[in-house]
Each structure stands twice: as C-alpha cells, then as structure tokens.
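What follows is each chain in one-letter form.
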Amino acid sequence: MTLRIIATGGTFDKHYNELNGVLGFAESHLPDVIKRTRMTIPVELEVVSLLDSLDMQDADRQRVLGACQAAPEQAIVIVHGTDTMRETAEVLGAAVSDKTIVFTGAMIPYEIANSDALFNFGFACGVAQVLPPGVYVAMNGKIFSWDNVTKNRAAGVFQSA
C-alpha cells in the first residue's frame, strides 16, 4: 500500500515571517513533516496548492477532486485549511466513493511551538489506512464523516454537526 498525501495549504503550511510578523506561504512543510514522522509506508506527496482555505474557490476544490480521482492510491490524506475543510470534503464526499480520503489540518502552524500539525498529520495517515472507503475529517484525535462535522470556532475544535 502507498499513501498519497495532497497538500492544499492552510494554517498547517503557513510560514512565519519574523521581519514583518506575517503568516504566509513559501513552500510546503510536508517533506519535513513526512521525514519527522518516520513512516515506513511508501508516500506520494502532491502539492495541489498553497492557499489559505478562506481563499479557496470552486475551481480549487475541483482541482483537489481531480487529484483524488486521478490518484492510483486507495488511501489519501489531504492537508487543508480548517476554515473551509468541510466545504471541500463535501465536494469530494458527493463524488468519490471508492477511496478512503481523510482531511486534516492544524489550528497552529507546523513551525510554531505547540502546534497540533504533526499529531493531526500522523493520526490522519494512520486512520486513512484502516477506515473503509469514504471521506472523513480527522482532527485532534477524532474522526468525523464529511457530512457530520463542523468547526467550533469559539472552542477551536471540530465536532459533530
């Protein structure tokens, strides 16, 4: 089994610019993240975009869908921004039924102390290998079906809808 990792950006992949104090995108952290996890399963990394999920448009979601449909792997982890993760998961949930697709992300960027990114990524990679085909969101140790999840912005967590 090979696991496909699809990067779309989001807080997970943001870099902190210490000169101006702004978070933005440069290159994906995922090559480093994959090394740090010491996974022994073969991994194919595909960077579809590096966007804040609030900037994602329908065309971006269609690119993510196309990447999943074109992937030969049956297990896919998508690193996505948390603000519109549910919307992209809905597009895939309605269109893909023969693969296991797990969305994950981070509330704190990977390179910032106490980030949840590494844990969420490892958790998503693990569950993507054992869940039945479908589209899921895996955040902070919980798994949700794409059609039964919402982000509780006040608490900074995902929960059942």
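Now for a look at the structure at hand.

Thresholds applied
- Residues numbered from 1 in each chain as written.
- Predicted model: local features only at pLDDT ≥ 70, side-chain atom pairs only at ≥ 80, totals over all residues.
- Heavy atoms only, no water.
- Patch = residues over 30% accessible without salt bridge, like charges linked within 9 Å, V, L, I, M, F, W, Y side chains within 5 Å.
- Areas by Shrake-Rupley, 256 points an atom, 1.4 Å probe, with all protein chains shown as cover.
- Salt bridge = Lys/Arg side-chain N within 4 Å of Asp/Glu carboxyl O.
- Helix = DSSP H or I, 4+ residues; strand = E, 2+ residues; numbered from the N terminus.
- Buried < 20%, exposed > 50% of the residue type's maximum accessible area, 1.4 Å probe, protein only.
- Pairing = 2+ DSSP bridges.
- Axes fitted to C-alpha atoms, helices over the stretch in contact; angles between N-to-C directions.
- Contact = heavy atoms within 4.5 Å.

### Here's the deal with a nonpolar patch on the surface
Here's step 1: A contiguous nonpolar surface patch, about 320 Å² in accessible area, is contributed by Tyr 16, Leu 23, Ile 108 and Ile 112.
Here's step 2: Within the secondary structure, Ile 108 is located in the loop between strand S6 (100-104) and helix H4 (117-128).
Here's step 3: On the accessibility criterion, Ile 108 (32% relative accessible area) is partly exposed.

### So, the sheet that holds strand S5 (residues 75-79)
Here's step 1: Pairing in this open sheet of 6 strands is mixed, and the strands run S4-S1-S5-S6-S7-S8 from one edge to the other. Each edge of the open sheet is held by one strand with a lone partner, namely strand S4 (43-51) and strand S8 (142-145). For this sheet, the mean inter-axis angle between neighbouring strands, taken without regard to orientation, is 20°.
Here's step 2: Two strands pair when backbone bridges link them, and S6 and strand S7 (residues 134-139) are joined in this way by 4 bridges, in the parallel orientation. Along S7, the bridge assignment pairs Val 102 with Tyr 136.
Here's step 3: Against the sheet, H4 touches strand S1 (3-9), S5, S6, S7 and S8, its axis set at about 170° to S6.

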